[in-house]
Amino acid sequence: MQLPESEQTIFETILGRRSVRSYSPDKVEANVLKTLLEAAVWAPTAMHKEPWGFVIVQNKEVLQNLSDLAKPLFIEELKKSGARVDFSKYIDGNLFYDAGTLIIICGKTNGHLPVADCWVAAENLMLAACAMKLGSCIVGSALPAMNLPEVRSTLGIPMGFTAIAPIIIGYPDAESAPGSRKAPLILKTIT
Ligand SMILES: Cc1cc2nc3c(=O)[nH]c(=O)nc-3n(C[C@H](O)[C@H](O)[C@H](O)COP(=O)(O)O)c2cc1C
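With antiparallel pairing, the four strands of this open sheet are ordered in space as E1-E2-E4-E3. Pairing within the sheet leaves two strands with one partner each, and these edge strands are strand E1 (52-57) and strand E3 (135-138). Adjacent strand axes in the sheet meet at a mean angle of 25°, parallel and antiparallel pairs treated alike. As paired elements, strand E2 (residues 101-108) and strand E4 (residues 161-170) share eight bridges and run antiparallel to each other. Looking at the pairing, Leu 102 lines up with Ile 168 of E4. Set on the sheet, helix H5 (residues 114-131) makes contact with E1, E2, E3 and E4; between it and E4 the angle comes to about 10°.

Any covalent bond linking the sulfur atoms of two cysteines counts as a disulfide. This model, assessed by the stated rule, comprises zero disulfides. Unpaired in terms of disulfides, Cys 106 finds its nearest cysteine sulfur in Cys 118, a separation of 7.7 Å.

Next up on the list: a nonpolar patch on the surface. Nonpolar side chains collect at one region of the surface, where Ile 10, Phe 11, Ile 14 and Leu 15 lie side by side and expose about 450 Å² of accessible area between them. With respect to the helices and strands, Ile 10 occurs in helix H1 (residues 10-16).

A separate point is H5. Helix length check: H5 (18 residues) gives 26 Å between terminal C-alpha atoms against 26 Å at 1.5 Å per residue, within 8%. Those residues of H5 not exposed but buried are Pro 114, Asp 117, Cys 118, Ala 121, Ala 122, Leu 125, Met 126, Leu 127, Ala 128, Ala 129, Cys 130 and Ala 131. On the buried face of H5, the contacting elements are H1, helix H2 (30-41), E1, E2, E3 and E4. Just past H5, the residue Lys 133 takes up positive phi, approximately 65°.

The geometry of H2 relative to H5 is characterised by a closest axis approach of 7 Å and an angle of 140° between their N-to-C directions. Here H5 runs oblique to H2, going by the angle between their axes. Regarding H2 and H5, the two cross each other, and that crossing is right-handed. Here Leu 36, Leu 37, Ala 39 and Ala 40 of H2 come into contact with H5, specifically with Ala 121, Asn 124, Leu 125, Ala 128 and Ala 129. Of the residues contributing to the contact of H2 with H5, the split by class is eight nonpolar, one polar and no charged.

On to the side chain of Thr 45, then. Relative to the helices and strands, Thr 45 resides in the loop between H2 and E1. From its side chain, Thr 45 meets the backbone nitrogen of Glu 50 in a polar contact 2.8 Å long.

Another aspect to go through is the nonpolar core. Counting 25 residues, the largest nonpolar core has Phe 96, Leu 102, Ile 104, Met 146, Leu 155 and Ile 168 as its most contacted members. Ignoring sequence-local partners within four residues, the contact set of Leu 155 consists of Val 55, Val 57, Leu 66, Ile 104 and Met 146. Formed by 24 residues, the second largest nonpolar core is a distinct cluster that contains Leu 33, Ile 105, Ala 129 and Ile 167.

About the thresholds
- Residues numbered from 1 in each chain as written.
- Predicted model: local features only at pLDDT ≥ 70, side-chain atom pairs only at ≥ 80, totals over all residues.
- Heavy atoms only, no water.
- Pairing = 2+ DSSP bridges.
- Helix = DSSP H or I, 4+ residues; strand = E, 2+ residues; numbered from the N terminus.
- Axes fitted to C-alpha atoms, helices over the stretch in contact; angles between N-to-C directions.
- Contact = heavy atoms within 4.5 Å.
- Disulfide = S-S within 2.5 Å.
- Patch = residues over 30% accessible without salt bridge, like charges linked within 9 Å, V, L, I, M, F, W, Y side chains within 5 Å.
- Areas by Shrake-Rupley, 256 points an atom, 1.4 Å probe, with all protein chains shown as cover.
- Salt bridge = Lys/Arg side-chain N within 4 Å of Asp/Glu carboxyl O.
- Expected span 1.5 Å × (residues − 1).
- Buried < 20%, exposed > 50% of the residue type's maximum accessible area, 1.4 Å probe, protein only.
- Parallel < 35°, antiparallel > 145°, perpendicular 65-115°, else oblique.
- Left-handed = near helix turned anticlockwise from the far one by under 90°.
- Nonpolar A, V, L, I, M, F, W, Y, C, P; charged D, E, K, R; others polar.
- Polar contact = N/O pair within 3.5 Å; in protein donor to acceptor, adjacent residues only side chain to side chain.
- Core = buried A, V, L, I, M, F, W, Y, C linked by side-chain atoms within 4.5 Å.

It is worth stressing that arrangement in space is one thing and function is another; only the former is reported here.
This is how it looks when you write it as structure tokens:
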């Protein structure tokens, strides 16, 4: 893997990564995507199974259709779950925030902890994106639509794989607001 240049330390990257919801129209180039996927596959993987596969969508029409299909399904899921969170920021406008690139990390449907592997790969990918001055955001709200037969077919997700982590990528068009986190909740320390 050819290492991209980055002046950030790993802690600056971890703390500096924010979910980006506004993007410039600049296209993410193929060689940049290749680097992000390389970073993803260097994640830890249970029993060294590497159970992932990637779908890359850079077609605006496909992204818009997917957003239109996903929104009502997501709203339905929220209603069923009785969630009392204000999800308007997720569902106003395009679910993918008009980002030009969506990477869907798909995982094998059998094997040992493939879902965990894909999410670890997702974080590697997003940290690499951040180090390369790209923005990213997981779009979990699109997941219910992604495993519909017609969507799987459009996205080329084969039998034996399922969509796990949809992540938009692009160049941020504004500074992100600072993030915040609670202090770690230590349930117990056993020495
Ligand atoms: C599993 C998962 C699903 C998420 N789905 C969405 C989503 O559908 N839309 C969205 O705007 N953000 C989504 N996010 C991003 C979170 O809202 C975000 O990570 C959180 O608010 C913390 O902000 P930060 O990432 O900037 O630190 C998701 C995050 C995770 C981990």
